[in-house]
Amino acid sequence: MTMRSAAFPDTVAVVPGERGFISVAITNTSPVIDAYQVQVFGLDPSWIAVEPDRLSLFPGQTENVGIHVQLPEDYPASNRTLAVNVSSTDDPEAFSLNQVELAVRPRTETSVRVDPVMVTGGRTARFGLVVSNEGNAAVTATPFAIDPEELAEFRFQPSTVVVAPGREQVVDVTATGGR
């Protein structure tokens, strides 16, 4: 083997839309000058930036390469393993493989709207609450209503909804009270 490498940290936490950083220390253990490239396997290459993309080292020299990870905002919350491959450009059989755990954090972004916007009713009115999840992880929503005058009662069906990322869920609302 003509090199030694180590990736830090072992686990990197990333929020979709923000940047995560991994550092790779590369040591040339061969008796000659060698050049190295770093590749990351397990993600779309367009989400990865390696700086510098090529590194030349004298024998015994150690330098660091930075890896920037930026996931799209709709990337699902999850844990996955990335493979960081360091390979010699002079010796195609010389490589070193490091594993880094990628912890994609949940990004909560929900909205609620009433559908229809206006309801005409007597003692009872029915409408829907549309719960939208624009985040990257499932959310649990429990609807409630506030009536400062305490003249109305509200029933929600279902009483709790789980909304997957990029989806909507409708809660049926029945409001009863005086006219």
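All figures in this text were calculated on a predicted structure; none of them were measured in a lab. (Residues numbered from 1 in each chain as written. Predicted model: local features only at pLDDT ≥ 70, side-chain atom pairs only at ≥ 80, totals over all residues. Heavy atoms only, no water.)

### Observations concerning the sheet that holds strand β5 (residues 48-51)
Adjacent strands of a sheet form backbone hydrogen bonds with each other and so pair up, either parallel or antiparallel. An order of β1-β3-β7-β5 is seen for the four strands of this open sheet, with the pairing classed as antiparallel. Two strands lie at the open edges of the sheet, namely β1 (3-8) and β5, each paired on one side alone. This sheet shows a mean twist of 20° between the axes of neighbouring strands, independent of strand direction. (Pairing = 2+ DSSP bridges. Helix = DSSP H or I, 4+ residues; strand = E, 2+ residues; numbered from the N terminus. Axes fitted to C-alpha atoms, helices over the stretch in contact; angles between N-to-C directions.)

### Regarding the sheet that holds strand β13 (residues 152-157)
The antiparallel open sheet is built from four strands, whose spatial order is β10-β11-β15-β13. Two strands in the sheet have a free side with no partner beyond their single neighbour: β10 (110-115) and β13. On average, each strand axis in the sheet is inclined to that of its neighbour by 25°, with strand direction left out of account.

### A short note on the pairing of strand β8 (residues 78-88)
Side chains on a regular strand alternate between the two faces of the sheet. Strand direction decides the pairing type here: strand β4 (residues 34-41) and β8, joined by six bridges, are antiparallel. Within β8, the position partnered with Gln39 by the bridge is Asn85. Where β8 lies against strand β9 (residues 95-104), 10 bridges are found, and the strand directions are antiparallel. Paired with Arg80 across the two strands is Leu102, which belongs to β9. Between β8 and β9, which pair antiparallel one after the other, the connecting turn spans six residues.

### Observations concerning the side chain of Thr2
Relative to the helices and strands, Thr2 is located in the segment before β1. Classification of Thr2 as buried rests on a relative accessible area of 18%. Residues in contact with Thr2, not counting those within four places in the same chain, are Thr27, Asn28, Thr29, Ser30, Asp34, Tyr36, Ser88, Asp91 and Ala94. (Buried < 20%, exposed > 50% of the residue type's maximum accessible area, 1.4 Å probe, protein only. Contact = heavy atoms within 4.5 Å.)

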